[in-house]
Amino acid sequence: FELMLRNDISQGYENNKYIIIGDTGEKDEDAAERIISKYPSNIKAVFLHNVYNMKNQYKPNSKPVDRTVSGVPIFYFRTYIGAAVKAYYANIINKDALKRITIQAIDELRSSHQSTISKLTEMKVVPQFIIDRNQRAYDSRWSELVDDANQCSFLIPLVPKDLLFKIDSINAQVN
């Protein structure tokens, strides 16, 4: 970070504000805090993807709480929509960007799942537990996406009609 900052300053960009993006899996959070402590006026925000903890297993209800360090917000998110909603409310992105990110995240999850299903059906023998595990993971990701998308319901109509049924069925399963 210091090398990049020095280079930017030498090129006349001394007023740049940076956004740090990382995850909670290793030392990204610690690194971000150390950068903030040294350069708080140069950091606009930190976004940390709350990844599954392989030792303790991720518990969906145990999300870290957003906080500030030296006046710099640290945001935790599980989905790109969650990150985008927080960026929108922090005036980092505008409503159009939030809408684009939300649509793209929904489309990518759907196409990723369809691709996985196609690959599984091409295989001659697929154990049922693999199909079930894939479906549970997909439903879990949908649930997280829906939770985050509910925070930006003011963008409605946003979701294509063919997805509304899927979102409603996921909400029914979660509740």
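The rules behind the values
Residues numbered from 1 in each chain as written. Predicted model: local features only at pLDDT ≥ 70, side-chain atom pairs only at ≥ 80, totals over all residues. Heavy atoms only, no water. Helix = DSSP H or I, 4+ residues; strand = E, 2+ residues; numbered from the N terminus. Buried < 20%, exposed > 50% of the residue type's maximum accessible area, 1.4 Å probe, protein only. Contact = heavy atoms within 4.5 Å. Phe/Tyr/Trp six-rings, centres within 6.5 Å; stacked < 30°, edge-to-face > 60°. Core = buried A, V, L, I, M, F, W, Y, C linked by side-chain atoms within 4.5 Å. Pairing = 2+ DSSP bridges. Right-handed = clockwise from strand over helix to strand, strands pointing away. Arc of directions from axis to C-beta. pLDDT = per-residue confidence, 0-100. Axes fitted to C-alpha atoms, helices over the stretch in contact; angles between N-to-C directions. Salt bridge = Lys/Arg side-chain N within 4 Å of Asp/Glu carboxyl O.

## Observations regarding the environment of valine 46
Reasoning step 1: Residue position: valine 46 is located in strand β2 (residues 43-49).
Reasoning step 2: Judged by relative accessible area, which is 0%, valine 46 ranks as buried.
Reasoning step 3: Distance in space between the C-alpha atoms of valine 46 and aspartate 28 is 9.9 Å, their sequence separation being 18 residues.
Reasoning step 4: Non-local contacts of valine 46, meaning those with residues more than four positions away in its chain, are made with Ile20, Ala32, Ile36, Val72, Pro73, Ile74 and Phe75.

## Considering the packing of aromatic side chains
Reasoning step 1: According to the stated counting rule, one finds four aromatic pairs in the structure shown.
Reasoning step 2: Ring plane angle 75° and centroid distance 5.2 Å describe the contact between tyrosine 88 and tyrosine 89, whose orientation is recorded as edge-to-face.
Reasoning step 3: Given the relative accessible area of 22%, tyrosine 88 is considered partly exposed.
Reasoning step 4: The structure contains a cluster of three or more aromatic residues connected by ring pairs, namely Phe1, Tyr18 and Tyr39.

## Notes on the nonpolar core
Reasoning step 1: In this structure, Ile20, Ile36, Ile43, Val46 and Ile74 are the most contacted members of the largest nonpolar core, which totals 14 residues.
Reasoning step 2: If near-sequence neighbours (up to four positions away) are discounted, isoleucine 36 is found in contact with Ile43, Val46, Val69, Ser70, Val72 and Ile74.

## Things to note about the pairing of strand β1 (residues 18-23)
Reasoning step 1: Here β1 shows one buried face, formed by Tyr18, Ile20 and Gly22, and one open face, formed by Ile19, Ile21 and Asp23.
Reasoning step 2: Taken together, the six bridges between β1 and β2 define a ladder with parallel strand orientation. Each residue of the ladder has a partner; that of isoleucine 19, found in β2, is alanine 45.
Reasoning step 3: Crossover connection from β1 via helix α2 (residues 28-38) to parallel β2: handedness right-handed.

## Quick notes on α2
Structural remark: α-helix, 3.6 residues per turn; residues separated by three or four positions point the same way.
Reasoning step 1: Looking at α2, one finds that the buried residues are Ala32, Ile35 and Ile36. The buried residues of α2 occupy one face: seen down the axis, they fall within an arc of 100°. Facing away from the buried surface of α2 by more than 90 degrees, the exposed residues are Arg34, Ser37 and Lys38.
Reasoning step 2: Taken together, the buried residues of α2 touch β1, β2, β3 (67-69) and β4 (72-77).

## Some thoughts on the confidence of the model for the protein chain
For any part of a model where pLDDT is low, the fine detail of the predicted coordinates should not be relied upon.
Reasoning step 1: Residues with a pLDDT of 70 or more make up 75% of the protein chain, whose mean pLDDT is 80.
Reasoning step 2: Here residues 161-171 is a poorly scored stretch, pLDDT under 50, and it has 16 contacts once near neighbours within four places are set aside; other chains count.

## A look at the side chain of asparagine 42
Reasoning step 1: With respect to the element layout, asparagine 42 can be found in the loop between α2 and β2.
Reasoning step 2: With relative accessibility at 11%, the residue asparagine 42 sits in the buried group.
Reasoning step 3: Apart from residues lying up to four places away in sequence, asparagine 42 is in contact with Phe1, Leu5, Glu14, Asn16, Lys17 and Tyr18.

## Details of the sheet that holds β3
Backbone hydrogen bonds are what pair the strands of a sheet, in a parallel or an antiparallel way.
Reasoning step 1: Taken in spatial order, the four strands make up an open sheet running β1-β2-β4-β3, and their pairing is mixed. For this open sheet the edge positions go to β1 and β3, each flanked by a neighbour on one side alone. Ignoring strand direction, the axes of neighbouring strands in this sheet form an average angle of 25°.
Reasoning step 2: Lying over the sheet, α2 contacts β1, β2, β3 and β4, oriented at roughly 170° with respect to β2.

## Let's talk about the pattern of salt bridges
Reasoning step 1: Throughout the structure, instances matching the rule amount to seven salt bridges.
Reasoning step 2: The closest approach of N and O atoms between arginine 67 and glutamate 33, which form a salt bridge, is 2.3 Å. Taken together, the positions of arginine 67 in strand β3 and glutamate 33 in helix α2 put the pair 34 residues apart, joining distant regions of the chain.
Reasoning step 3: Classification of glutamate 33 as partly exposed rests on a relative accessible area of 28%.
Reasoning step 4: Ionic pairing is found between aspartate 66 and lysine 86, a salt bridge with its closest N-O pair at 2.8 Å. With aspartate 66 in the loop between β2 and β3 and lysine 86 in helix α3 (residues 80-89), this residue pair connects regions lying 20 residues apart in the sequence.
Reasoning step 5: Aspartate 66 sits in the partly exposed class, given a relative accessible area of 30%.
Reasoning step 6: Linked by salt bridges that have partners in common, Glu2, Arg6 and Lys38 make up one network.

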